[in-house]
Amino acid sequence: MNRLGKKANETLIEMALSADDDIAVLTKFTPSQSEGEECNGPETISTAGSEIPSSSEGLNSTETTLLIPEHQVIDKRHQSKDSIFFRDGVRRIDFVLSYVDDLNKEWEKKLERRKEFESNLQKAGLELETEDKKESEDGKIFFVKIHAPWEVLITYAEVLNIKVPIRENDIPPMVENPLDCVLFPLRLPEKVMHPEPDYFTAPFSKDKQELYLINDESTFFSPSMRNRIVNYILTRCPYGTEEGKKKFGIKRLLNNGTYTAAYPLHDCQYWKKASDPNCDSERYTLYMEWARFLRFYKEQPLVLIRKYYGEKIGIYFAWLGFYTEMLFLAAVVGLICFLYGLFTMDENMSSKEICDPAIGGEIIMCPLCDRDCEYWRLNTTCESSQYSHLFDNVATLFFAIFMGIWVTLFLEFWKRRQARLKYEWDLVDFEEEQQQLQLRPEYEAKCTQKKKNPVTQEMEPYIPLTSQAVRFCISGATVLFWVSLIIASMIAVIVYRLAVYAAFASLMENTQTLQPISGVLTPQLATSVTASCLNFVIIMILNFFYERIAIWITDMEIPRTHMEYENRLTMKMFLFQFVNYYSSCFYVAFFKGKFVGYPGAYTYMFNRWRNEECDPAGCLIELTTQLTIVMAGKQIWGNIQEAIVPWICNWWGRRKARNNPENLYSRWEQDHDLQTFGALGLFYEYLEMVIQFGFITLFVASFPLAPLLALMNNILEIRVDSWKLTTQYRRPVAAKAHSIGVWQEILNGMAILSVVTNAFIVAFTSDMIPRLVYYYAYFENEHSPMSGYINNSLSVFLISDFPEENKPKENPENFVICRYRDYRYPPDHEKKYMHTMQFWHILAAKLAFIIIMEHVVFIVKFFVAWMIPDVPADVKAKIKREKYLTQKILHEYELEKLKERLCQGDTRATEKEFIATEGRMELSRAM
């Protein structure tokens, strides 16, 4: 089904023939003479059928331009700056190439490449028109405008299996949602949401043109469809032989500087409609209805996004919008859990005892570091223990279980949403297997050896097994080295924490100016905040370098198809980002404070730095701090990179153009000055959101407000992404995709891992289990079971047992004992300083909790996944009906053609053939 009617967009991996077949198609295509005579007028600069010397006679586009008599060159001042047509005002500009004729040592070689490349483009049937550098804004850039005539479009529409409308859809629309009246303020106008009628579609065939709804050949193929076809030709067009190897493809010409840019045009300026009535001004509509932040509460015009940018970009915004909608539920529940902690803060018995001068004020804690630190009273951590209760309470357990189920609901409902989009966007028959046959031009160019395909019996390029093994070994070693580098940097941050911890403890105890805030800014918190900021800076630096390394090693592997390339790069980048962003959170959650030892027998890193201890109220508040800084910092930095940097670059590039009259600043020059939305543009968008997804699932038990932060960020992210795509970037080449690809499997893996991590956080990082064990087994007061918990959770140490290297330099109050966080026997017990039975009870309870929580959540997850079908029932019915109706239409068409042949006396159209065709129609109806 095609809601847009007259479009289909580029596949993620072009539907390619073999290298030799591609070039054969490109070079042997010749437009009909009538077409050439009809399209080529005196204003044509260089076309396939032009009377002026063509490229085959040794002239490139620049030299051809110089042969045009002066009276034939149209004054640019008479052409609208928003024109998206050739100078004749009829032929649409489907693609633009730009280059600078710099007279350096490579000038002649580049000139020869351009001449050969443009000659082969003309042989492929494309029509070219060159704008001389004198016409450009800076007087340096040549622009080659490309138009694909009808014969080229129908030829490659068949090669690319593009679906086009055959009949208007007669399936009744869905029953209106009763909530539509409530959701009306969130809706966009119908003409924006569904700009064209809904059609049944079928793959295009040149032999059945009368079957399709072709009202106007110039508009039958949408602009995104046209630029997809032209891009297919550009990526496979040869331009000569160098060093004994056949060279082809616009990408290589861009890399070696022969051309400086290649891009399709936006249809108008984003802030006002085009003056040409033939232009739909879809960019303006997208900006007004979608890309402005004031429209943040409105739904997204996904159909228009798909029509203008293609399915690949459309599916990304559909996924991002759906993810944001689902975050609303998680954010509301997380906020309720946070408010529960806020309102019960004063009722928390643990913080009450810590803050009580008669309890916490009388408990003397052991020094936080060796020698330099002093003994301190427990009530100095009063404020931090109260804030810890915000996130470490009974609601934390509920929220961890809820998020495990929410993740499943999100993934399952997204599958249903994706299935509906596949039907509405004509992607039902778009299979991954089709893409496996589509070789990357870079693969074809770099593979010098060929072998016979056992299936097709044709020669195709391949990489020897030994070469593949060497490349994969180098790639694996490189990835392993960088992951090791991340771990080393994390260890360096841990060393920093250990080294400055004593300094912060000593500074805060001895500095009078810090006394008023010492209750909130404890040495643990100060160390955690500064270490988190340092860790974030290191993360950003490592990201900067590794992104380039990952692309380099993926290019070195020479993946066979575009899908293989994206999947390999995705896994490399995600593995690195996973370790880079989450390693510090894993350290705080599962390692910090777990291997401290006890006074007199502390454990040391590298036999020098004493391991960190958790706050008496637990390590959860430090994990919350770490998560907040890294997550919020990444989102803020990401928005700066995505919005402000492109805007500054474009402003800098256009600053001179503002001094010139507007009508001298043409559409192709305006788009040339914009930023390039590269092939990996969406990859980074997905990566950013998946990393955020990890933050709100893997560690959400420590920070219930994480979904709320993610929701606010994503509301902004949708508008930032749409704004930059609509206003700051050149129009991307339309691409086709029926799903979010390998990211779906990554999300599934993180959903499963999140259950495990949250179970461990509740068990080992929070104080939930020790409190429950005390409440049910070790309480001392029946009327107030939690009273006495703090005293019970702190063990006693005899100060005289301190080794000389650990003992504080001063003990002005002559304390005899100090307390520390652990469950060990007191110094007068026969099992002195050994773990008590309560310690083992708590450990057993933690392990039992992990097993029970994991099993409960996994059972619910799998039950929910089983209950929710991946494809809605109404979509299944519509797919079957559309297939039936499409087959019926095609069979009726074939029957009519056969009848015509019989009436015309065609001896080849036998009666048996007619009967067989009718029988096939009956069989189709029965099925």
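As a reminder, the structure under discussion sits directly above these lines.
Throughout this document, residue positions are counted from 1 along each chain, in the order its sequence is written. Given that the model is predicted, a residue must reach a pLDDT of at least 70 before its local features are reported, and side-chain atom pairs must reach 80 or more before they are shown or counted; all residues, however, enter totals for whole chains, interfaces and linings. Values shown for side chains rest on all heavy atoms present in the structure; no hydrogens or waters enter the calculation.

**Student:** I keep staring at the sheet that holds strand β8 (residues 261-263) and nothing clicks. Help me out?
**Tutor:** Where strands meet in a sheet, backbone hydrogen bonds hold them as pairs that are either parallel or antiparallel. One open sheet holds the four strands; their spatial order is β2-β3-β1-β8, and the pairing between them is antiparallel. Edge strands, defined here as strands with exactly one partner in the open sheet, are β2 (127-131) and β8. Each strand axis lies, on average, 20° off the axis of its neighbour in the sheet, ignoring direction. When DSSP finds at least two bridges between two strands, those strands are taken to pair. In DSSP terms, a helix is any run of H or I states spanning at least four residues, a strand is any run of E spanning at least two, and both are numbered starting from the N terminus. Sheet analysis places strand β1 (residues 95-100) next to strand β3 (residues 141-147), joined by six bridges and oriented antiparallel. Counted as the bridge partner of Phe-95 is Ile-146 from β3. The contact criterion used is simple: two residues touch if any of their non-hydrogen atoms lie within 4.5 Å. With axes taken as lines fitted to C-alpha atoms, and helix axes fitted only over the stretch in contact, angles between N-to-C directions fall between 0 and 180 degrees. On the sheet, helix α4 (residues 107-123) packs against β1, β2 and β3 and is oriented at approximately 165° with respect to β1.

**Student:** Any chance you could explain the environment of Ala-763 here in plain terms?
**Tutor:** Along the chain, Ala-763 falls in helix α26 (residues 742-765). Only protein chains enter the calculation, and the probe is 1.4 Å; a residue is then buried if its accessible area is under 20% of its type maximum, exposed if over 50%, and partly exposed in between. We classify Ala-763 as buried; its relative accessible area is 0%. Separated by 86 residues in sequence, Ala-763 and Phe-849 have C-alpha atoms that sit 6.9 Å apart.

**Student:** I'm lost on the pattern of salt bridges in this one. Help?
**Tutor:** Opposite charge on two side chains lets them pair, provided their charged atoms get close. Throughout this description, the term salt bridge denotes a Lys or Arg side-chain nitrogen within 4 Å of a carboxyl oxygen of Asp or Glu. All told, the structure shown has 30 salt bridges when counted by the stated rule. Residues Lys-312 and Glu-566 are paired through a salt bridge, measuring 2.7 Å at the closest nitrogen-oxygen approach. A residue pair is termed long-range when its members are at least 10 positions apart, and Lys-312 in helix α13 (residues 311-343) and Glu-566 in helix α21 (residues 562-590) qualify at 254 residues. Accessibility expressed as a relative area gives 23% for Glu-566, which makes it partly exposed.

**Student:** Is there a simple way to explain the packing of helix α16 (residues 394-424) against helix α24 (residues 681-698) in this structure?
**Tutor:** Helix-helix packing: each pair is described by the crossing angle between the helix axes and the interaxial distance. Between α16 and α24, whose axes approach to 10 Å, the crossing angle comes to 145°. When α16 is examined against α24, the residues Met-403, Trp-406, Val-407 and Phe-410 are found in contact with a partner set consisting of Phe-693, Ile-696 and Thr-697. Residues are sorted three ways: Asp, Glu, Lys and Arg are charged, Ala, Val, Leu, Ile, Met, Phe, Trp, Tyr, Cys and Pro are nonpolar, and all the rest, Gly among them, are polar. Looking at side-chain class alone, the contact of α16 with α24 contains six nonpolar, one polar and no charged residues.

**Student:** Just checking my understanding: could you explain the packing of aromatic side chains for this structure?
**Tutor:** Any two aromatic rings considered together are summarised by their centre-to-centre distance and by the angle between their planes. Centres within 6.5 Å make a pair out of two Phe, Tyr or Trp rings, where for Trp the six-membered ring is used; the pair is then stacked when the planes are under 30 degrees apart, edge-to-face when over 60, and tilted otherwise. Summed over the entire model, instances satisfying the criterion amount to 59 aromatic pairs. For the ring pair Phe-293 and Phe-296, a centre distance of 5.4 Å and an interplane angle of 20° mean the geometry is stacked. Consider the ring centre and the ring normal. A charge sits over the ring if Lys NZ or Arg CZ is within 6 Å of that centre and within 35 degrees of that normal. Across the ring face of Phe-544, the terminal group of Arg-548 is positioned such that the distance to the ring centre comes to 4.0 Å. Here Arg-731 stacks its cationic end above the ring of Tyr-308, 3.8 Å away from the centre of that ring.

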